[in-house]
Every structure is written in structure tokens, then in C-alpha cells.
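Next come the chains, spelled out residue by residue.
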Amino acid sequence: MSGRTFVEKIFDAPEGSIVFKKPDIVLSHDNTSSIEGTFKKMGGEKVADPDQILSVLDHNAPPTNSKLANDYQKIRDFVNSQGVSKFYDVGDGICHQIMSYHARPGMIIVGSDSHTCTAGAFNAFAAGIDRTETAGLWKQGETWFRVPETIKITLLGELKKPVASKDLALWIIGMLGSSGADYMSIEYHGQGVESLSISERMTLANLASEMGAKNAVFPCDGVLNEFYGEELKGGVWADEDAVYLKEIEIDLGEIFPVIACPHHVDNVKGVSEVAGTNINQALIGTCTNGRLDDLKIASDILKGKKLPQGFQLLVIPASKKIYTEAMKQGIIETLINSGANILAPSCGPCLGTGQGIPADGYNVISTANRNFLGRMGNKNSNIYLGSPATVAKSALYGAIADPREKKGIEAFPYKKEQSKTVMVAQEDDRYLNGIWDYTDVDNLNTDQMFAGNLTYNINSSEPDKIAPYLFKGFDDSFAERVQKGDVIIAGENFGCGSSREHPSVGLAFAGVRAVIVKSVSRIFFRSAINQGLLILVIPEAVEYYRKGDPAELDLENGIIKIKDRDFSFPALPPKLMEIIKAGGLVDWIKGA
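These numbers come from a predicted model, not from an experiment.

(A) Spatial organisation of the nonpolar core. Membership of the largest hydrophobic core comes to 89 residues, with the highest contact counts inside it found for Phe-11, Phe-125, Tyr-438, Phe-471, Phe-478, Ile-488 and Phe-494. Residues in contact with Phe-471, not counting those within four places in the same chain, are Tyr-438, Leu-444, Gln-448, Met-449, Asp-476, Phe-478, Ile-488 and Leu-507. Core analysis: the next-biggest nonpolar cluster, separate from the first, contains 46 residues, Leu-170, Trp-171, Leu-176 and Val-268 among them.

As C-alpha cells, then:
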């Protein structure tokens, strides 16, 4: 009998199994207000376990309008009334940084944010879920998990500074693709792991979401013990003879600075390939790279120098602790003297809310984790992603620049084909015979389905308010024309990006009968099930379909007929079909 992977040990079940578990921590943030609304729809009054909940006000902190301010106060009232002790108010920090105060080896952690996977740096199983599922956990305390297959990544050697873990993370994404690890667990092994600090591990774990992974995890070792200042117990790790879906070996010494170019995170190129590209604005911070070592790298590059006239550099420490320590060390003063603006610990402009929205025509370089069109609140700008060193050096020159003293000439060795379509032109009618034809659209992300800057102005518990904004900025005709019983047919990695459930809530409310895709983002799949929205992964059917073809869906027998050809699909597990038939998780829990 072969050994077990990390996730097989955590869930005490083989890959592919469906198990029910009670998470140790259930994370929420500004969406706590929306989750409370769904919790009440489920008949919830008192949460099952107040000690399970961790709530952080961070995404729009400080609030930028009265609606958000009222939501924040509503959240304060809620956590007080429910006896939630793990609550962090405005300015305390970003939720994934705050998680470092609570995560421990061997824990099961879930959160209503796609980057909950960051906590894998602490030898915990950590994965994002949606708001409805979080509400269900508040009420019942446990949820279902599919035990994923695992990719083993073995790291050898050490990174050659200023090459950073962000470069390594983007390298892996560019190699695998943004859906290359879809629904999988990633384990980091090898001697090279020992050379990575907890901050660097957090960056790698954070970006697991951007390659489609369910989670990423590091071992419980001396580096983690040193971080916590104690000998930790309860560590879980894979057996030496564990069986993996795929094994990858990477020599860290061969990694060079890279950039994710617009408009997708797997559009990776060597810095030297895009060096000289004009840049108008830069961002250093977010849950990916807002830690003390990141800020110090930037300040060392900018010390005694001035940014170009009119250039906007925004710096956002990931927590109050990091902010105050950076002040003590003179890092903040150095950055301010260079011309940077320091924002309060928060998510900042990463998701297109709050301060720092770029102007039309701006090229932005950022240490964040996503660069979808419109991600920072303006679809007329472009976003490049890089390491703190690359971002700081580029800010200094007002153009993408190699952070190394000796500039390189390397080209990134992998190329992922980018989606043929990122926006449907007004004259391009994609609707015929009850079918929305997006077969040429890969990576249709949640920002395209429902803009990030609306996420906290409209709660996900308000489907009637969501519906008018569905697909705005992607296919502006969709919201006005979608009909009950319609079918959407799309390409690969449907629903990637943020864990916001507004798109699935809105599509279910509009009466969309099914979404047929080549592949689907893990969190979106769960979100769709939780709303009673059927997602069918049938790549052959997507390839076969031509605009205008009639399509008939037979759920009972698991068949979709397109024109003259039948395509079969496997039935969902019985419990998930119960949720679909009940019209979603809210009604299923109410009827349980």
C-alpha cells in the first residue's frame, strides 16, 4: 500500500473522496455583512461556534462611502452579539496577514476569500470558499471537501537575489497555466524550501489560487518554528512514498526576474523582454507582498532617490504591526522621501475599490496577484505584476526595469496561449436560440462577470440588485437580454479569479439553466452548486458547438444533445444534486 499525501492525511481519506469536516478557522472580511444576511435567510440566529470565526475589516478600509461605513458598523455589532473574539478592525491589517497570528500546523482553514490558501505557509490546509458556504458553516459548523489530487514541486538550491519568491510563483504559473493546477493540492518539497522565509512561503502559497489550485502547503520545519518562536507540534506531511498526479523539479538558481503582462496572470515574460515599457503608477503591498521584507527591498532601492515627476507610487503595509516596525526601521521615511504615498493597511486599489484607482491609459506595475482587465477599477488601464524589487526599480525609472545590477537578456521559456476574447464588442451578438456563445473565451473571470468595484456596494444576498450588472464591461447586452432557461457555453477556466459569489447568485436568479464549459474554477464550481446553478464540464461539447446549433439538456439521463450529437456527463454526488434540486444551499439547509 502506497503512502499518503498531505491532503490525504488531513482528511484521512484517499484522493477523490468527498468528506465532511469541521474547519478550525472560518475567515471572512468586509463580506461578513453580506454573509450575515445569507445566514439569516438560512434561519440562523446564533452561530454554531463563535471561536471558529475570524473576521477582519480590510478590503475597503477605511470605508469610502456611507454604505460601507454602515456595513462595517453592522459587522462590529454582529461579532459583539455573537461573542466572536477573533475580530480585527480597520487598520489592523489584511486578513491573510492577520491569519498568521492564528494558523497552526495541521489545521483546516477556510475563508470567503480566494487567497485563504496563503495560510498553507504555516503547514495548514487552507482554501477559499464562497459567502453562502461560509454562512452555512456559521450555522452548521462543518462543510464538504473533495480530497484533491496533488502536485509535488521540489525546489533545489537558492534564489539569486534580487530574484524573489514572487518571480518563482509567476514562473510556476507561467509554466503550468492559470488553470494548470485546477482543484489540486500543491506540496513544496526539497532543500530549496529551507532557504525560503515564511514571508516568501506566504507569497508562493498566496499565488496557488492563480494557478487554479485548491491549496498549497509547506512543511512544518525549523523555519516555521523560528517564526513562531516555539517548537510547534501537530505538523502534518506527506509520506515519502506518496503518489502524486505530477512531480516537478525546479532549480531556484535558474529563476530570473519575470513579469505577468496584461491581461492575465499566466501571460508571463522575462523582465528583459518587456524592459522599457512606460509605467505611470506602481503598487507595493497587498496580501501577496506587503510584508516587512518586501517594504525593505523597495526602500533599499529607492533610498536617496526621487521618483519621476508625476509618478504615483502607492505603498500599503499588510498590517499595523508591519507598518509600525517599518516606521521604527526608517523604511517608511525613506519611501516617503522618495515620493511614495503610504496608505493604511488594507487591500487598497488591488480590487478596484478605495484609493489609488489608475487613470485612463495608465500602465500600472504591481506586487498584487491579479491583472485582469479592469481589476484595479479602470478597464482603460493595463496592469503588470512583478516582485517588490522589480516594481520599485521600475517606479524609479518610470518604465519596466530589471532589478539586477547586471541586466539580463533572458526570455521566459514557456508560453501560454491567451484568450482570443477579453471583451465582446457591441456589434458582436453572442445570443441565439437561448444560448450565449462564449466558446472562444477562456479565463472568463469573476471581475468580468461582476465588477470588483461593485462587490461591496451590492451584497451577494441581494440577487435582484446584482442582475442588472451581470457581465457589464464584458458583454454589455447580457444583463438586459438573458432569459430563464438560457444556457451559457464557454471555454477553459470559467469563473477564475475572486471568490465573490455575485456572478453565480445573479445567473441563478436570472434563471440560467446550465453553464457548459471546457473547465471551471474550483471556487466558482462550489459557488454555483451553492446557488443551484448547474455547471457541466464537457470540453467535447464546447468544441463541437457552432453558433445557432440547437441544444437540448437531459439532466435525468446525463445527456446534452447539440444539433445531431449526444454528449454524456457524469452525475453529481447525491448530496450535491440535493442542493441543486433545492435551488441552492440556503433552501437546502432551511429544509434539512
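(B) Examining helix α2 (residues 32-41) more closely. Within α2, seven of the 10 residues are buried, which leaves the element mostly enclosed by the surrounding structure. Inspection of α2 places Thr-32, Ser-33, Ser-34, Ile-35, Glu-36, Thr-38 and Phe-39 among the buried residues, and these make up the whole buried set. Buried residues in α2 make contact with β2 (25-28), β3 (53-56), α3 (66-82), α5 (131-140) and α22 (585-591). Of the residues flanking the end of α2, it is Gly-43, one or two places downstream, whose phi is positive at about 90°.

(C) Structural context of empty space enclosed by the protein. In total, this model carries four cavities of 30 Å³ or more according to the counting rule given. In this structure, the largest cavity spans a volume of roughly 270 Å³. Lining of the largest cavity is provided by 24 residues; of these, His-59, Asp-113, His-115, Leu-351 and Arg-375 occupy positions nearest its centre. Every element with two or more residues in the lining of the largest cavity is listed here: α4 (95-98) and α10 (286-289). Residues of the lining of the largest cavity, tallied by class, amount to seven nonpolar, 12 polar and five charged. Estimates place the volume of the second largest cavity at around 180 Å³. Taken together, 17 residues make up the lining of the second largest cavity; nearest its centre are Ser-209, Gly-212, Cys-496, Gly-497 and Ser-521. A class-by-class count of the residues in the lining of the second largest cavity yields six nonpolar, eight polar and three charged.

(D) Looking closely at the sheet that holds strand β26 (residues 565-568). With antiparallel pairing, the three strands of this open sheet are ordered in space as β24-β25-β26. Of all the strands in the sheet, the pair left with one neighbour each is β24 (551-554) and β26. Neighbouring strand axes in the sheet, compared pairwise and without regard to direction, differ in orientation by 20° on average.

(E) Inspection of the layout of surface pockets at higher detail. Of the volumes computed, that of the largest pocket is approximately 770 Å³. The wall of the largest pocket is formed by 28 residues, among which Phe-525, Ile-535, Val-537, Pro-570 and Leu-572 lie closest to the centre. Among the elements of the structure, β7 (143-146), α19 (522-531), β23 (534-537) and α21 (574-582) are those that each provide at least two residues to the lining of the largest pocket. Looking at side-chain class alone, the lining of the largest pocket contains 18 nonpolar, four polar and six charged residues.

(F) Region of interest: the sheet that holds strand β11 (residues 246-251). The parallel open sheet is built from four strands, whose spatial order is β10-β9-β8-β11. The sheet is open, and its two borders are formed by β10 (215-217) and β11, each paired with just one other strand. Sheet twist, expressed as the average angle between the axes of neighbouring strands with direction ignored, equals 20°. One ladder, built from five bridges, connects strand β8 (residues 150-156) with strand β9 (residues 185-189); its direction is parallel. What sits directly across from Ile-153, in β9, is Tyr-188. Helix α6 (residues 165-176) rests against β8, β9 and β11 of the sheet, and its axis sits at about 135° to β11.

(G) Structural context of the side chain of Ser-521. One can find Ser-521 in the loop between β22 (514-517) and α19. The residues contacting Ser-521, other than those within four sequence positions of it, are Asp-182, Asn-493, Phe-494, Gly-495 and Cys-496.

(H) Here's a closer look at the packing of aromatic side chains. Considering all chains together, one arrives at 23 aromatic pairs under this definition. Each ring, one from Phe-122 and one from Tyr-228, has its centre 6.0 Å from the other, and the planes form 50°; the classification is tilted. Here Phe-122 is found in the loop between β5 (108-111) and β6 (125-128), whereas its partner Tyr-228 is found in helix α8 (residues 222-228), with 106 residues between them in sequence. Summarising the aromatic geometry, the rings of Tyr-431 and Trp-436 are spaced 4.3 Å apart at their centres and angled 15° between planes, so their arrangement reads as stacked. Taken together through their ring pairs, the aromatic side chains of Tyr-431, Trp-436, Tyr-438, Phe-471, Phe-474 and Phe-478 make up a single cluster. Its end group placed over the ring of Tyr-183, Arg-146 keeps NZ or CZ at 5.3 Å from the ring centre. Its end group placed over the ring of Trp-144, Arg-526 keeps NZ or CZ at 3.8 Å from the ring centre.

(I) Molecular detail of the pairing of β26. Where strand β25 (residues 559-562) meets β26, four bridges bridge the pair, whose relative direction is antiparallel. Pairing of Ile-559 across the sheet is with Ser-568, part of β26.

(J) Just helix α18 (residues 502-510), in detail. Among the nine residues that make up α18, seven are buried, leaving the element largely enclosed by the rest of the structure. Taken together, the buried positions of α18 are occupied by His-502, Pro-503, Ser-504, Val-505, Gly-506, Leu-507 and Ala-510. Looking at the residues trailing α18, positive phi occurs at Gly-511, about 90°.

(K) The environment of Thr-118, seen in detail. For Thr-118, the location among the structural elements is in the loop between β5 and β6. For Thr-118, a relative accessible area of 1% corresponds to the buried category. In this structure, the C-alpha to C-alpha distance between Thr-118 and Leu-207, residues 89 residues apart in sequence, is 7.7 Å. Each residue touching Thr-118, except ones within four places of it in the same chain, is listed here: His-96, Met-202, Ala-205 and Asn-206.

The rules behind each value
- Residues numbered from 1 in each chain as written.
- Predicted model: local features only at pLDDT ≥ 70, side-chain atom pairs only at ≥ 80, totals over all residues.
- Heavy atoms only, no water.
- Core = buried A, V, L, I, M, F, W, Y, C linked by side-chain atoms within 4.5 Å.
- Buried < 20%, exposed > 50% of the residue type's maximum accessible area, 1.4 Å probe, protein only.
- Contact = heavy atoms within 4.5 Å.
- Helix = DSSP H or I, 4+ residues; strand = E, 2+ residues; numbered from the N terminus.
- 1 Å grid on protein atoms, 1.4 Å probe; cavity = no way out; pocket = protein on both sides within 12 Å on 5 of 7 lines; lining within 4 Å.
- Points joined across faces, edges and corners; volume = space filled by probe spheres on them.
- Nonpolar A, V, L, I, M, F, W, Y, C, P; charged D, E, K, R; others polar.
- Pairing = 2+ DSSP bridges.
- Axes fitted to C-alpha atoms, helices over the stretch in contact; angles between N-to-C directions.
- Phe/Tyr/Trp six-rings, centres within 6.5 Å; stacked < 30°, edge-to-face > 60°.
- Lys NZ or Arg CZ within 6 Å of the ring centre and 35° of its normal.

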